[in-house]
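Here are the chains, one letter per residue:
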Amino acid sequence: MLTAPHRPERNILETQFTPDSAIFRSEYGRLRLQAYDRGILRVTFTRSDAFPEASPFLIGRAPVPVRDTAQDDQYIDVSTASLRVRVSKSTGILEAFDAAGNPVFAEGGLRTLEAFNARIIDRARPAVTERIETADGVKTRVREAEKIDYKTLYRARLPLRFREEEAIFGLGQPEGGPANLRGRKLYQCQANKSIAVPFFVSTGGYGLLMDCGCPFIFDDSGAEGGPFLYLTAAEALDYYLIPGSCEDAVKGYHYLSGNPSLLPAWAFGYIQSQERYETADELISIAELYREKGIGLDCVVLDWCSWKDGHWGQKSLDEKRFPDPEAMMNKLHNLDTHLMISIWPNMNPRTDNNAEFRQKGGLLPGGELYDALDPAARALYWEQARRGLYQYGIDAWWCDSSEPWTSEWSREERPVMSDIFQETARTAADAIGADNGNAYPFYHARAMWEGQRSTGSGKRVLNLTRSAWLGQQRFGTVMWSGDISAKWETLKKQIAIGLDFCASGMPYWTQDIGGFFVKRGKAWYWDGDFEDGWNDPEYRELFVRWYEYAAFLPMFRGHGTDIRRELTNLQGEEFAAALRYNRARYQLLPYLYSLAGQIALEGGIMMKPLAFRDPDDARARETDDEFLLGDDLLICPVTDYRTRSRTVYLPRGHWYELHTGRLLSGGADYEAAAPLDTLPVFVRCGAVLPVADASVCARKALSKAPALWVFPGADGKLTLYSDAGDGYGYEKGEYTLKTYRWNDAARTLTDEKGNAVSYAVFDQPMR
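Residues numbered from 1 in each chain as written. Predicted model: local features only at pLDDT ≥ 70, side-chain atom pairs only at ≥ 80, totals over all residues. Heavy atoms only, no water.

Things to note about the overall build of the chain
Helix and strand counts for the chain stand at 13 helices and 42 strands. The globule rule puts the C-alpha radius of gyration for 767 residues at 27 Å, and the 26 Å found for the chain is close to it. Here the C-alpha coordinates of the chain stretch approximately 85 × 70 × 50 Å along the principal axes. Here the chain holds 767 residues, and the buried ones make up 62% of them. Summed over all atoms, the accessible surface of the chain reaches about 28100 Å², with 46% contributed by carbon and sulfur. Taking the average location of the 89 positive side-chain charges in the chain and that of its 106 negative ones, the two points are 2 Å from each other. (Helix = DSSP H or I, 4+ residues; strand = E, 2+ residues; numbered from the N terminus. Rg over C-alpha atoms; globule rule 2.2 N^0.38 Å. Buried < 20%, exposed > 50% of the residue type's maximum accessible area, 1.4 Å probe, protein only. Areas by Shrake-Rupley, 256 points an atom, 1.4 Å probe, with all protein chains shown as cover. Lys, Arg positive; Asp, Glu negative; His and termini not counted. Charge placed at Lys NZ, Arg CZ, Asp CG, Glu CD.)

Some details on helix 11 (residues 589–602)
Its 14 residues give helix 11 an end-to-end C-alpha distance of 20 Å, which sits within 8% of 20 Å, the value for a rise of 1.5 Å per residue. Here helix 11 lies mainly inside the structure; 11 of its 14 residues are buried. Taken as a whole, helix 11 has its buried residues at Leu589, Pro590, Tyr591, Leu592, Tyr593, Ser594, Leu595, Ala596, Gly597, Ile599 and Ala600. On its buried face, helix 11 sits against helix 10 (572–587), strand 30 (627–629), strand 31 (633–635), strand 37 (688–691), helix 13 (698–701) and strand 39 (716–722). Phi turns positive, to about 85 degrees, at Gly603, one or two residues after helix 11. (Expected span 1.5 Å × (residues − 1). Contact = heavy atoms within 4.5 Å.)

Section: helix 1 (residues 246–257)
Residues spaced three or four apart along an α-helix face the same direction, because each turn holds 3.6 residues. Along its 12 residues, helix 1 runs 17 Å from first to last C-alpha, staying within 8% of the 16 Å computed at 1.5 Å per residue. Here helix 1 lies mainly inside the structure; 10 of its 12 residues are buried. For helix 1, the complete set of buried residues consists of Cys246, Glu247, Ala249, Val250, Gly252, Tyr253, His254, Tyr255, Leu256 and Ser257. Against strand 4 (40–46), strand 16 (195–202), strand 17 (206–210), strand 20 (237–243), helix 8 (488–503) and strand 29 (607–608) lie the buried residues of helix 1.

Observations concerning unusual backbone geometry
Of the consecutive residues Glu275 and Arg276, the connecting peptide bond is found in the cis state with omega at 0 degrees. Looking at the secondary structure, you find Arg276 in the loop between strand 21 (270–272) and helix 2 (280–293). With an omega dihedral of -5 degrees, the bond running from Glu403 to Pro404 counts as a cis peptide bond. Tracing the chain through its elements places Pro404 in the loop between strand 24 (396–399) and helix 6 (417–432). Notably, Cys305 is not glycine yet its phi reads approximately 65 degrees, a positive angle. Tracing the sequence through the fold places Cys305 in the loop between strand 22 (299–302) and helix 3 (325–334). Despite not being glycine, Asp562 has its phi angle at roughly 75 degrees, a positive value. For Asp562, the position within the fold is in the loop between strand 28 (556–558) and helix 10.

Some points on the sheet that holds strand 28
If you walk across this open sheet you meet the eight strands as 27-26-25-24-23-22-21-28, and the pairing is parallel. Edge positions in the sheet fall to strand 27 (509–510) and strand 28, since each of these pairs with one other strand and no more. One ladder, built from four bridges, connects strand 22 with strand 23 (residues 338–343); its direction is parallel. Counted as the bridge partner of Leu302 is Ile341 from strand 23. The strands touched by helix 2 are strand 21, strand 22 and strand 23; relative to strand 22, the strand with the most contacts, the crossing angle is about 155 degrees. (Pairing = 2+ DSSP bridges. Axes fitted to C-alpha atoms, helices over the stretch in contact; angles between N-to-C directions.)

Just distances and angles here, no functional claims.
Encoded structure:
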């Protein structure tokens, strides 16, 4: 007869208090609570002999003493500066309350940790590989390989308990909305069009950061019980509870994982790209065309295949098409234009770059991808980029395919999400370890950051890259939404997914204006709706509406395949409409750059869901087809064909409609006119907006003090940031912050010294 084995009990058997932690032991495992500045609580649950150290994704903040402890027959209480945490003696389940005793956060049940013996490919033995064709080029895939024991890891489950009205934002970039993640199930692995980041914020007054490197699942669908987070492979269940508003939670995330680095000022101008510009002369001609037509431009992009034919991933230019890289860069710089170049983590076996990695043992199984987790391999990757490209004056990097496994893109028909998740997690686990399955983009971005910073160059690191992980914001990265298709539906979805991504603590995000794929191809992902491209008036309107929306994104960038992407492909009123928002972008640069400067100094994001401003407003929590840019601008994209007005939800307060000058009361819907040349934009009463003269590049837009536009009706403040526009002097205090305060009753604008400052009162529509 079978006898049931003993199930370990969860009741707390032993309690230990140290200067910086409270530790509780049960038969099942050990729970440790630690306090950090800003009232942050670290919760670590393990079944191992030792608690884990903080991961490389965080910057190693030291814990502080807990404020006080207490206990009764049922609970043990531990307090941080902002939270009182109650742990059940019978189950170990944790609840957190604010100083007034209001519930903030609660675990929804028993944490679980299931051990398994993780294995990894034996690099000492040859692997059987195959070459596959993908939209990202021909790649090598491992078919068979010997594996060896790696380490003991755990499948970890954290049950959660949400309040009914609580909204959740973040966890990276899902492929679709709604932005409020309540009720959704997400399979979070790195893929072409989705980005996984294990951090979310709640309108309930907290953020939750999972310190791990593995793929994970968030499930609030109710299909498998209450909401939970499931980690596929972790050394422990290790999370940080960050109290405060949504904005405070994001800043707390940056406190733990590093403030976003400041991008060069020109990165906030327009970036022109397409798949692809093929020669030095073509790149220069695009810059000259934009200057001739008076179109704002700060960067052109050299997409893939800058190398010799057949030498995919080689970090040097084809000498026939780029005979004099230094002269090319001088001409572009003389046109106030920068160059971004696409580089890849995979290198064809016939390339010199690959041979050098093979000789030094820096490749992953399969023989094409470099091992970004290895510091020596990261240094070699940078050295190849330096001597092959950076030495000529290249300004920025496009680290494409940084997942770097996109199994779903080798399929003709789209797999279901659970299959994509399992295959991607398995492939990454075989190559770099299951506990690092989502972390490759972090290490790849780190290679470029550490490498370029080591040169002492006066150029800030700018790295446009397709995937992200915890802490990556400190490496000068901008992410984009992958190879999306040209559809009105896609445009609508972009708003919501961008809000979730930025709420994940990543302030810099962009997308391919007009969609990457315009036409329909054989594979499922090549799924655009417009076979006639620019000849189709519906596509031209889609492009214009997309361009208007993108003018207010953290990075303003056009890119795509199938058709050319220059603004000059539009004519007449369509060209005039797009040009209007190109010019508006440059007028807004002092505002955008001030937001970026403050984010670098204090943490935060520039593009936000409406609920960040008013978490108690039920309509704001569910509105995800409009967004806040900073605290002052409300952006309301138009996402339907032939639509010439749209319903806008105005958050509570008072707002000016920018294009009519009308003063409106919030907390209600408003039908905003939206002719083709108008995207509805609203400005908060009390805002002080810095506005640049009309310019065609960032250098000129930021070369003199902006005009200050006041939107009366409430008191307000502006913090205007300025610096050299490039270099890292700002890290040493080489910047200027000017504070302007608007006193609505007195109708005065004063600086930080109380001196009166000239301004323009906004009381007429913008023309």
